[in-house]
Every structure is written in C-alpha cells, then in structure tokens.
Amino acid sequence: MLATDRAAGANAHLAFAIKLGNQLGSRITLYHACPPRSMIINAALSDNRADANETVEIATRLLTETASTLGADRPVHVEVDEATDAREAILAAAERLKADMIVLPTHGRSGVSRAVLGSTAEQVLRDAKLPVLLLTDNMLTREEQKAHRGGPMLIATDLSPASVDAHLPAVALARRLGLSVRLLSVVTNPVMPQLSTDPAVPTPEDQQMAVDARTKRMHELAMALDSHGSIEVEAQVASNPVETIIRRADELHAPLLVMTTHGRRGVLRMLQGSVAEQVIRRATTPVLVMPMPN
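Presented here is an overview of the structure given in this document. Predicted, not measured: the structure shown is a model, and the values here were computed from it.

Rules used in this analysis
Residues numbered from 1 in each chain as written. Predicted model: local features only at pLDDT ≥ 70, side-chain atom pairs only at ≥ 80, totals over all residues. Heavy atoms only, no water. Buried < 20%, exposed > 50% of the residue type's maximum accessible area, 1.4 Å probe, protein only. Helix = DSSP H or I, 4+ residues; strand = E, 2+ residues; numbered from the N terminus. Polar contact = N/O pair within 3.5 Å; in protein donor to acceptor, adjacent residues only side chain to side chain. Contact = heavy atoms within 4.5 Å. Core = buried A, V, L, I, M, F, W, Y, C linked by side-chain atoms within 4.5 Å. Pairing = 2+ DSSP bridges. Salt bridge = Lys/Arg side-chain N within 4 Å of Asp/Glu carboxyl O. Axes fitted to C-alpha atoms, helices over the stretch in contact; angles between N-to-C directions. Parallel < 35°, antiparallel > 145°, perpendicular 65-115°, else oblique.

### Some words on helix H10 (residues 241-251)
1) Next: Most of H10 sits inside the fold, with 8 of its 11 residues counted as buried.
2) Next: In this structure Asn 240 caps H10, since a side-chain oxygen of it lies 3.2 Å from the backbone nitrogen of Val 242.
3) Next: Looking one or two residues beyond H10, the residue adopting positive phi is His 253, at roughly 55°.

Below is the structure:
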C-alpha cells in the first residue's frame, strides 16, 4: 500500500515504489487520506500537501490519473478516505486491504525531520504491525545518481532475542527480489576489564576479540534465518554506528537497508535520537522498518 499526501514532487517516490511492486508481482493500492475541508483552517495544515480544497471525488480522480502514469505492470487500485486522523486512516486501510507493506514517501523542504519527528510517518511507524518502507528525497536522489544498486539487502541488527522473528520477513523479501543478504552489527563499546580507576581504552586486540565474539553470534543468527548458510555477516567496531551503517549500505550498493523497532516504547525511543532515528534521517538508501514482535 502506497500512502501519499499528493504533494508536489511525490511522483518520483511513487514511481520507485511501483517499480518495487512490479518486481514482487504485487497488487498495488495507491492510498490518500483526505482531511475534511472543515479541518483545513490555516496554511500550516495544508503546507506541502495537495490542494486543501479538494474533495474525496476530486482526489480520487487525480490520483487515478497519477496511477496511470507510474509504469505499473498491472492496474493500480486507488482508494481515498476522508479522515481527520491520517495515521488511523492509513493503518485501518492497510488492515482492510491485508497489505504486506506500507510505503511512506516523505519529502518537502523540511524533509526527513518532518517525516520522522511528530508527523504522520512517525505515528504510523510507532503503531504499524507490518513493514514500513520509507522513501525520502535524499534516498531517491542518490538512487538516480547510481546506474544500479546490485548489492545485498543490508540488515542492521542488534542481535536481540527477537531478531530472528523480526528479520525473517526481510530475508523472505530479499529472496523474492533476488537479493543476497548481509547482516551488519556495529560494536560501539567493547567490554573491557577495569582494574583501576582510570578509564579503560580498548586496544586493537580487545577490539578484535569483540568483533570475533559478535561475529560468532551473527553466524548463529544467520543460520537461524537461513539454514543453507547463504547469509553473509559483518561486525565492526566503530565510535559512530550511524555513519558506519549508512556508509556500508552505500559502499555495498544496497538497494534496501533494514532497521527494526521494538514495539511502542522502542519506536518512541528510536524516534528520539537513537541510532535508528539518525539513520532514517540521513540514509542514502531506502529504509525498510521491520516491527519487532511484541
């Protein structure tokens, strides 16, 4: 399900999502939550949106026209609801349509900060029980600059106990897209024995031990995700995990970067300054957010 606010510049995001849907052979629904006209009482509500005076009928007609230009392999279904709460409308529509994924294009001058903090996208991420694919201007600009993204799906993992359940759908999606899979885990603070009051400084040997231990755990996770042993693993020690994750996705020409959330509290924490939130803000690769099982 492609959720769009029909803002200027949205078509590039929609076209990318349509291309992904074509690869998957998916049934695609283009969805728009149209606020009641009585709700639109100032410019702030309509900023960066389509015409604030449009009706459901007008929005449906315009969205149908847009759908016909996006290059879908099969007819694109269009749905428009009048709703005072876009988050509730999007999630209800996804459930009604039995969607496998919600695609949320984000754009505009304030870009990802608007998309992630305090917006409909943040609210959908907080409550969604299915994968959410985020597409930003920054991601699509880099996509256009690359002839292709032929690398693996990169899954950034914290190796938590629920990782297997969270990552399995991502691995299944990679297989459907014909992509290889690589797990990436960043060690930020190798555990050090502290024998004095002086701060312990990790030596290269300590860092290598931390990487080796993390790599062993990642191999165990990889085998749990795919018993054929086809998933590559990579562990790194880095002071800045955000830069490391973004850089590796770019270096590997990854077509998708997968992050996970940990339920309502976890998502709120994610959206208030954690590694995942910063990656979403700055990524040059489309980010697929997978919900952790409750």
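### Quick word on the side chain of Thr 4
1) Next: Here Thr 4 lies in the loop between strand E1 (2-3) and helix H1 (11-24).
2) Next: Relative accessible area serves as the criterion here: at 8%, Thr 4 is assigned to the buried category.
3) Next: Within polar-contact distance, the side chain of Thr 4 engages the backbone nitrogen of Arg 6 at 2.9 Å.
4) Next: Discounting chain neighbours no more than four positions away, the residues touching Thr 4 are Ala 10, Leu 14, Leu 30, Tyr 31, His 32 and Leu 63.

### Remarks on the nonpolar core
1) Next: Counting 45 residues, the largest nonpolar core has Leu 2, Leu 30, Leu 133, Met 153, Ile 155, Leu 173 and Leu 183 as its most contacted members.
2) Next: Ignoring any residue separated from it by four or fewer positions in sequence, one finds Leu 133 in contact with Leu 20, Met 101, Ile 102, Val 103, Leu 104, Leu 256, Pro 286, Val 287 and Leu 288.
3) Next: In this structure, Ile 90, Leu 125, Ile 245 and Val 279 belong to the second largest nonpolar core, which totals 40 residues.

### Brief notes about the pairing of strand E10 (residues 287-291)
1) Next: With respect to burial, E10 is a largely interior element, 4 of its 5 residues being buried.
2) Next: Sheet topology note: the strand E5 (residues 132-135)/E10 ladder contains 3 bridges and is antiparallel. When the bridges of E10 are listed, Val 132 appears paired with Val 289.
3) Next: Pairing geometry for strand E9 (residues 257-261) and E10, over 5 bridges, is parallel. Bridging from a neighbouring strand, Met 259 pairs with Val 289 of E10.

### Brief notes about the pattern of salt bridges
Side chains that differ in charge, positive against negative, can pair when their charged atoms come close.
1) Next: The tally for this structure, following the rule as stated, stands at 12 salt bridges.
2) Next: For Arg 126, the salt bridge identified is with Asp 127, shortest N-O distance 3.5 Å.
3) Next: Of the residues examined, Arg 126 reaches a relative accessible area of 23% and is grouped as partly exposed.
4) Next: Judged by relative accessible area, Asp 127 falls into the buried class, the value being 17%.
5) Next: It is possible to trace a salt-bridge network through shared partners that takes in Arg 182, Glu 232, Glu 234, Arg 247, Arg 248 and Glu 251.

### Side note on the side chain of Thr 157
1) Next: Looking at the secondary structure, you find Thr 157 in the loop between strand E6 (153-156) and helix H8 (163-177).
2) Next: Residue class for Thr 157 comes out buried when judged on its relative accessible area of 7%.
3) Next: In terms of polar contacts, Thr 157 uses its side chain to reach the side chain of His 167, at 3.1 Å.

### Describing unusual backbone geometry
1) Next: If you check the backbone angles, Lys 98 has positive phi at about 55° while not being a glycine.
2) Next: Secondary-structure assignment places Lys 98 in the loop between helix H4 (86-96) and strand E4 (102-105).
3) Next: One non-glycine residue with positive phi stands out, namely His 253, at about 55°.
4) Next: Along the chain, the position of His 253 falls in the loop between H10 and E9.
5) Next: On the basis of relative accessible area, His 253 is assigned to the partly exposed category, the value being 38%.

### Here's the deal with the packing of H1 against H8
1) Next: Relative to each other, H1 and H8 sit at 80°, their axes nearing to 9 Å. In this view, H1 runs roughly perpendicular relative to H8, as classed from their interaxial angle. Residue-level contacts link Leu 20, Gln 23 and Leu 24 of H1 to Leu 173, Arg 176 and Leu 177 of H8.

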